[in-house]
Amino acid sequence: MKPAVFLDRDGTINRDVGYVNHPDQLELIPRSAEAIRMLNNAEHPVVVITNQAGIAKGIFREEDLPTVHEAFVQMLAGEGARIDGFYFCPHHPAGTVEKFTRTCACRKPAPGLLHQAGRDMNIELSQAWVVGDKASDVQLAHNVGATAVMVLTGHGSSQWREYPSACTAPHHVCNNLYEATQWILNSKQ
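Computed from a prediction, not measured in an experiment: that's the story for all the values here.

**A short note on helix H4 (residues 112-121)**
Consideration 1: Those residues of H4 not exposed but buried are Leu113, Leu114, Ala117, Gly118 and Met121. Along the axis of H4, the buried positions cluster into a sector of 135°, meaning they face one direction only.
Consideration 2: On its buried face, H4 sits against strand S1 (5-7), strand S2 (46-51), strand S3 (85-89), strand S4 (129-132) and helix H5 (135-144).
Consideration 3: Following H4 by one or two positions, Asn122 adopts a phi angle in the positive range, close to 55°.

**Thoughts on the side chain of Asp137**
Consideration 1: With respect to the secondary-structure elements, Asp137 resides in helix H5.
Consideration 2: Here Asp137 falls in the buried class, since its relative accessible area comes to 2%.
Consideration 3: One polar contact links the side chain of Asp137 to the main-chain amide nitrogen of Asp133, over a distance of 3.2 Å.
Consideration 4: Excluding its chain neighbours within four sequence positions, the residues that come into contact with Asp137 are Asp8, Lys108, Val130 and Gly132.

**What about the packing of aromatic side chains?**
Consideration 1: One pass over the structure, following the stated rule, counts one aromatic pair.
Consideration 2: Both rings, one in Phe72 and one in Phe86, keep their centres 5.9 Å apart while their planes meet at 70°; by these two values the pair is edge-to-face. Of the two residues, Phe72 sits in helix H3 (residues 65-77) while Phe86 sits in strand S3, which places them 14 residues apart along the sequence.
Consideration 3: Overall, Phe72 belongs to the buried group, its relative accessible area being 0%.

**As for the nonpolar core**
Consideration 1: Ranked by size, the top nonpolar core spans 27 residues in total, and within it Leu7, Ile13, Ile36, Phe72, Leu76 and Val131 carry the most contacts.
Consideration 2: When residues of this core are traced back to their parent elements, those giving at least two are S1, helix H1 (32-41), S2, H3, S4, strand S5 (147-151) and helix H7 (177-186).
Consideration 3: Those residues within four positions of Val131 in sequence are excluded, and the remaining contacts are Val5, Phe6, Leu7, Asp8, Thr12, Val149, Val151, Leu177, Ala180 and Ile184.
Consideration 4: With 25 residues, the next largest nonpolar core counts Ile123, Ala135, Val138 and Ala141 among its residues.

**A look at the sheet that holds strand S6 (residues 172-174)**
Consideration 1: One open sheet accounts for six strands, arranged S3-S2-S1-S4-S5-S6; its pairing is parallel. The open sheet has two free edges, formed respectively by S3 and S6, since each of these has just one partner strand. Mean inter-strand twist for the sheet, computed between neighbouring axes without regard to direction, equals 25°.
Consideration 2: Pairing between S2 and S3: five bridges, direction parallel. Of the residues in S3, the one forming a bridge with Val48 is Phe86.
Consideration 3: Where H3 meets the sheet, its contacts fall on S2 and S3, and the angle it forms with S3 comes to roughly 145°.

**Topic: the pairing of S2**
Consideration 1: By the criterion of burial, S2 is predominantly enclosed, with six of the six residues buried.
Consideration 2: Side chains of S2 alternate between two faces, with Val46, Val48 and Thr50 and Val47, Ile49 and Asn51 buried alike.
Consideration 3: In the sheet, S1 pairs with S2 via three bridges, with the strands oriented parallel. Counterpart to Phe6 in the pairing with S2 is Val47.
Consideration 4: Handedness of the crossover joining S1 and S2 through H1: right-handed.

Cut-offs and rules
- Residues numbered from 1 in each chain as written.
- Predicted model: local features only at pLDDT ≥ 70, side-chain atom pairs only at ≥ 80, totals over all residues.
- Heavy atoms only, no water.
- Buried < 20%, exposed > 50% of the residue type's maximum accessible area, 1.4 Å probe, protein only.
- Helix = DSSP H or I, 4+ residues; strand = E, 2+ residues; numbered from the N terminus.
- Arc of directions from axis to C-beta.
- Contact = heavy atoms within 4.5 Å.
- Polar contact = N/O pair within 3.5 Å; in protein donor to acceptor, adjacent residues only side chain to side chain.
- Phe/Tyr/Trp six-rings, centres within 6.5 Å; stacked < 30°, edge-to-face > 60°.
- Core = buried A, V, L, I, M, F, W, Y, C linked by side-chain atoms within 4.5 Å.
- Pairing = 2+ DSSP bridges.
- Axes fitted to C-alpha atoms, helices over the stretch in contact; angles between N-to-C directions.
- Right-handed = clockwise from strand over helix to strand, strands pointing away.

The structure is reproduced here in structure tokens:
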């Protein structure tokens, strides 16, 4: 199996409009479906990893997320792209829904989501890439020994301008997922 590519969702694949809790809020970032299709064609597993604090904060219910993800899958399928797995964290330490209000091992940058995906899909995490628009995505990659790629879509541009010196830097910075995919496909790990 070729190395997996873990993608943040909001701000990396689709526009970050806040808490996406309905399919009508989904809008793909230009060329993101094409990028995912390129990874699919190159036989890299593509896995979405996403923090969904809106569940813990009572903005939407955990039961609503599969509907959003199914619409997401259909939207990508319409452009010939597919996601091989979805992993999400519903927790937040400042939540209002007791069941989900806590510090956990799965909220990025904690590595729980990647460890679960690695077990489920037989993925060697140290050979993987993690692509996202936040410092937490970059730190997540470093936490499992993966290659960190920051994109400047979503929160990426502002986070990169203000990137804290205490954070571990990404291995590479790209304008968007399409450019990140080109870099991944041309790099040798």
